[in-house]
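Structure assessment
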Amino acid sequence: MTRQQLARILGYSGLIPFIVFSIATWTSLPFVHEPHWILSTYAAVILSFMGAVHWGVAMSRDSDVARLELGFSVVPALLGWLALLLPAPFTYAVLIVSFAALYFADGYISRKGLLPGWYLPMRRVLTSIVLFCLVGAALAMIVLT
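We now turn to the structure provided with this report. (Residues numbered from 1 in each chain as written. Predicted model: local features only at pLDDT ≥ 70, side-chain atom pairs only at ≥ 80, totals over all residues. Heavy atoms only, no water.)

Okay, helix α3 (residues 35–59) next. Given a rise of 1.5 Å per residue, 25 residues ought to cover 36 Å, and the 36 Å separating the end C-alpha atoms of α3 matches this to within 8%. Burial in α3 covers these residues: P35, L39, S40, A43, A44, L47, M50, G51, V53, H54, V57 and A58. On its buried face, α3 is in contact with α2 (15–24), α4 (64–72), α5 (75–85), α6 (88–111) and α7 (119–144). (Helix = DSSP H or I, 4+ residues; strand = E, 2+ residues; numbered from the N terminus. Expected span 1.5 Å × (residues − 1). Buried < 20%, exposed > 50% of the residue type's maximum accessible area, 1.4 Å probe, protein only. Contact = heavy atoms within 4.5 Å.)

Before going further, it helps to examine the layout of surface pockets. Estimated volume of the largest pocket: approximately 600 Å³. In this structure, the largest pocket is lined by 26 residues; those nearest its centre are F49, M50, V53, Y119 and M122. At the level of elements, α1 (3–13), α2, α3 and α7 are the ones that each hand at least two residues to the lining of the largest pocket. Looking at the lining of the largest pocket, the element that brings in the most residues is α3, giving eight residues. Across the lining of the largest pocket, the residue classes break down as 20 nonpolar, four polar and two charged. (1 Å grid on protein atoms, 1.4 Å probe; cavity = no way out; pocket = protein on both sides within 12 Å on 5 of 7 lines; lining within 4 Å. Points joined across faces, edges and corners; volume = space filled by probe spheres on them. Nonpolar A, V, L, I, M, F, W, Y, C, P; charged D, E, K, R; others polar.)

Further remarks concern the packing of aromatic side chains. The tally for this structure, following the rule as stated, stands at four aromatic pairs. Between the aromatic rings of F18 and F99, the centroid separation amounts to 6.1 Å while the plane-to-plane angle is 85°, which identifies the pairing as edge-to-face. Taken as a pair, F18 in helix α2 and F99 in helix α6 lie far apart in primary sequence, 81 residues in all. Owing to a relative accessible area of 2%, F99 belongs among the buried residues under this scheme. Ring centres of Y103 and F104 lie 5.6 Å apart, and the angle between their planes is 70°; this geometry places the pair in the edge-to-face category. You can call F104 exposed: its relative accessible area is 59%. One aromatic cluster is present, formed by F18, Y42 and F99 through successive ring pairs. (Phe/Tyr/Trp six-rings, centres within 6.5 Å; stacked < 30°, edge-to-face > 60°.)

Functional significance is not addressed by these values, which are geometric in nature.
If you want it as structure tokens, here you go:
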């Protein structure tokens, strides 16, 4: 199995909690308690993980720009943590904006040739589904409460 294949399997598998718990925010699944908390916590963890991509890219180079990117790489973790400290509607807002912004940051370093060519197209799909799930859950919170 290639690195790309493994990344795809892991990336798409990582969508399962987003999808399941986003659906759970709209329904009463007997095995799911606090679906908003579960979804937002998972999203914050994944956001932090995605910031680590920038950490890895910055660590592989030595320049003033790499130092700036290294500093930027911790911002997603801090935003995920902040999102969990906010009241629920704002939690989703911070997570949605953060995932979208991180995708554009990934696009920037991808265009600089610092990521494999297959990475950004995969992230586009993954991020689109994540955003759909988070927006859906936010709507559930608004509509059902």
